[in-house]
Protein chains: 2
Amino acid sequence: MTASSPIGPEIERLIQLLAKLPGLGPRSARRVALHLVKKKESLLTPLAAAMAAARDTIVTCQVCGNIDTADPCTLCRDPRRDPSVIVVVEDVADLWALERAGAVSARYHVLGGVLSALDGVGPEDLNVESLIDRTRADGVKEIIFAVNATVEGQTTAHYVSDQLAGLNVKISRLAHGVPVGGELDYLDEGTLAAAIRQRTAL
Amino acid sequence: MTASSPIGPEIERLIQLLAKLPGLGPRSARRVALHLVKKKESLLTPLAAAMAAARDTIVTCQVCGNIDTADPCTLCRDPRRDPSVIVVVEDVADLWALERAGAVSARYHVLGGVLSALDGVGPEDLNVESLIDRTRADGVKEIIFAVNATVEGQTTAHYVSDQLAGLNVKISRLAHGVPVGGELDYLDEGTLAAAIRQRTAL
Ligand SMILES: [Zn+2]
Ligand SMILES: [Zn+2]
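Residues numbered from 1 in each chain as written. Chains lettered and ligands numbered in written order. Predicted model: local features only at pLDDT ≥ 70, side-chain atom pairs only at ≥ 80, totals over all residues. Heavy atoms only, no water.

Within an unreviewed UniProt entry, the label attached to chain A reads Recombination protein RecR, and the organism entered is Rhodobium orientis. If you open the UniProt record of chain A and go to Sequence similarities (unreviewed entry), you find "Belongs to the RecR family." For chain A, the Function (unreviewed entry) comment in UniProt is given as "May play a role in DNA repair. It seems to be involved in an RecBC-independent recombinational process of DNA repair. It may act with RecF and RecO." (UniProt positions renumbered as here; feature names shortened; annotations may be inferred.)

Enquirer: In this structure, what is going on with the UniProt feature "zinc finger region: C4-type" (unreviewed entry) in chain A? I would like to understand it.
Expert: Within this numbering scheme, the UniProt entry marks residues 61-76 of chain A as carrying the feature "zinc finger region: C4-type" (unreviewed entry). Taken as a whole, residues 61-76 of chain A contains 19% helix and 12% strand, while its terminal C-alpha atoms sit 8 Å from one another. (Helix = DSSP H or I, 4+ residues; strand = E, 2+ residues; numbered from the N terminus.)

Enquirer: Sorry if this is basic, but what is going on with the pairing of strand 5 (residues 142-145) of chain B here?
Expert: Regular strands place side chains that alternate from one sheet face to the opposite one. Residues and elements named next belong to chain B. Residue alternation in strand 5 divides its side chains into two sets, Glu 142 and Ile 144 and Ile 143 and Phe 145, and both sets are buried. In this structure, strand 3 (residues 82-89) lies alongside strand 5, joined through four bridges in parallel fashion. Within strand 5, the position partnered with Ile 86 by the bridge is Ile 143. Alignment of strand 5 against strand 6 (residues 170-173), held across four bridges, turns out to be parallel. The partner of Glu 142 across the bridge, within strand 6, is Lys 170. (Buried < 20%, exposed > 50% of the residue type's maximum accessible area, 1.4 Å probe, protein only. Pairing = 2+ DSSP bridges.)

Enquirer: Would you take a moment to explain the coordination of the zinc ion (ligand 1) for this structure?
Expert: Note on metal sites: the ideal angle is 109.5 degrees for four tetrahedral donors, and 90 or 180 degrees for six octahedral donors. Residues and elements named next belong to chain A. Coordination sphere of the zinc ion (ligand 1), protein contribution only: Cys 61 (SG), Cys 64 (SG), Cys 73 (SG) and Cys 76 (SG), at 2.3 to 2.4 Å. Bound by four donor atoms, the zinc ion (ligand 1) shows angles of 104 to 116° at the metal and therefore tetrahedral coordination geometry. Here the donor residues of the zinc ion (ligand 1) share one chain and are spaced in sequence as C-x2-C-x8-C-x2-C. Highlighted residues: Cys 61 in the loop between strand 1 (59-60) and strand 2 (67-68) and Cys 76 in helix 4 (residues 74-77), separated in sequence by 15 residues. Grouping residues by exposure puts Cys 61 and Cys 76 together as buried. (Donors = N, O, S within 2.8 Å, 3.2 Å for Na, K, Ca; no water. Tetrahedral: all angles 85-135°; square planar, octahedral: opposite > 155°, others 65-115°.)

Enquirer: How should I be thinking about the coordination of the zinc ion (ligand 2) in this particular structure?
Expert: All names here are of chain B. Around the zinc ion (ligand 2), the protein contributes the donor atoms Cys 61 (SG), Cys 64 (SG), Cys 73 (SG) and Cys 76 (SG), which lie 2.3 Å from the metal centre. Classification of the site at the zinc ion (ligand 2) rests on its four donor atoms, whose angles at the metal span 104 to 117°, yielding the label tetrahedral. Between consecutive donor residues of the zinc ion (ligand 2), the sequence gaps follow C-x2-C-x8-C-x2-C. Here Cys 61 is found in the loop between strand 1 (59-60) and strand 2 (67-68), whereas its partner Cys 73 is found in the loop between strand 2 and helix 4 (74-77), with 12 residues between them in sequence. We classify Cys 61 as buried; its relative accessible area is 2%. For Cys 73, a relative accessible area of 0% gives the class buried.

Enquirer: How should I be thinking about the side chain of Glu90(A) in this particular structure?
Expert: Considering the arrangement of structural elements, one finds Glu90(A) in the loop between strand 3 (82-89) and helix 5 (92-101). Summary of buried charges: Glu90(A) has no salt-bridge partner, and the nearest side chain of opposite charge, Arg31(B), is 9.3 Å away. At 2.9 Å, the side chain of Glu90(A) forms a polar contact with the backbone nitrogen of Asn148(A). Glu90(A) has contacts with Val110(A), Leu111(A), Gly112(A), Gly113(A), Val114(A), Val147(A), Asn148(A) and Gly153(A), leaving out every residue within four places of it along the chain. (Lys, Arg positive; Asp, Glu negative; His and termini not counted. Salt bridge = Lys/Arg side-chain N within 4 Å of Asp/Glu carboxyl O. Polar contact = N/O pair within 3.5 Å; in protein donor to acceptor, adjacent residues only side chain to side chain. Contact = heavy atoms within 4.5 Å.)

Enquirer: Teacher, can you tell me more about the domain arrangement of chain A here?
Expert: It is common to give the size of an interface as the accessible area lost on bringing the parts into contact. Taken as a whole, chain A is organised into domain 1 (9-57) and domain 2 (67-173). For domain 1 of chain A versus domain 2 of chain A, the distance between C-alpha centres works out to 33 Å. (Domains from an automatic or database assignment.)

Enquirer: What's the story with helix 7 (residues 151-163) of chain A in this structure? I'm lost.
Expert: Residues spaced three or four apart along an α-helix face the same direction, because each turn holds 3.6 residues. All names here are of chain A. Its 13 residues place the ends of helix 7 19 Å apart at the C-alpha level, agreeing with the 18 Å of an ideal helix rising 1.5 Å per residue. Where helix 7 is concerned, the buried positions are Gly 153, Thr 156, Ala 157, Val 160 and Ser 161. Seen along its axis, helix 7 keeps its buried residues to an arc of 130°; they face one direction. Turned more than 90 degrees off the buried face of helix 7, the exposed positions are Val 151 and Asp 162. Contacts made by the buried residues of helix 7 are with helix 6 (129-137), strand 5 (142-145) and strand 6 (170-173). (Expected span 1.5 Å × (residues − 1). Arc of directions from axis to C-beta.)

Here it is, written out as structure tokens:
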């Protein structure tokens, strides 16, 4: 849009921000903005409220890295979950995928990414120290690496498992039910559940 | 998500609403919600504010059907625009596309859709009466149909132009620079400008 744009600054700003969302470009951002303005009562108003509520209530769990309205999060405080098993994931989206599959009833640890020389992600950028601390302090017996079956994911699992050496903890990873090269968040629930059941020693 | 979902109601509601946006499904809605929560300061907070501002300030122009923060809109009140020419579009997105192209400096009229037996859209669902009223009242000399080169778009243009018969107004349509079957909002600016220049009598 140029300075002489017929679009007011309010909607122009809305479009600019929407274009920053993953999967949306300038054109789809305009389409979404128009849709929102047309559905002011049924969509724009509740979505603005939902975003404000999320902004005000969502926090990152300082224990596991999950996001929730409580810290520690609901999963970390759930007494029915086995506290001696920690499932390590790259991202909160992967935690959600495992929970949708009902694949495991344990605790989680969100690394917050994977090691990547290309993207400049080193060990200090991931939540590794806190995993070591938890493993040492909480009587953890097993750590399951539920990371993507990519080179980066597997490299990260090996790196983190090396850091856990000597802590007397069983280390496993998802079975190769996960298609090689595939990403966790794309899989169906049955495949995820099978991959948890058939986890192998690392 | 089930009732025992680890995702709190705030983020679940956010995901449900995001999934209603055009082009987003449940999976991409989850991805967007996570992205928003991760970028709380730089994206979620400003986007929530931008949506609230849009909700509070954006109105539909009662003259032309454009959306703006003023009614009548900026385009309807612009004295540099030729008030004797009205460009008829299906949707506000098409008005934006023509404005981005700088294709014409006239007034607009947004029909709000096209005639479609399949979708149950009849003449009474479109802003046709107000176009006739404007044409009669405002000394309009020419009406340019800038509608999609689809069967529905062309049918709608013919229907509306029939309603304007006897009003002593020149009626034209975009030149066939618009690819047949194509949609206006996808075109490059040069094609749109050429199509306006080479408009033909209807
Ligand atoms: Zn937690
Ligand atoms: Zn207007």
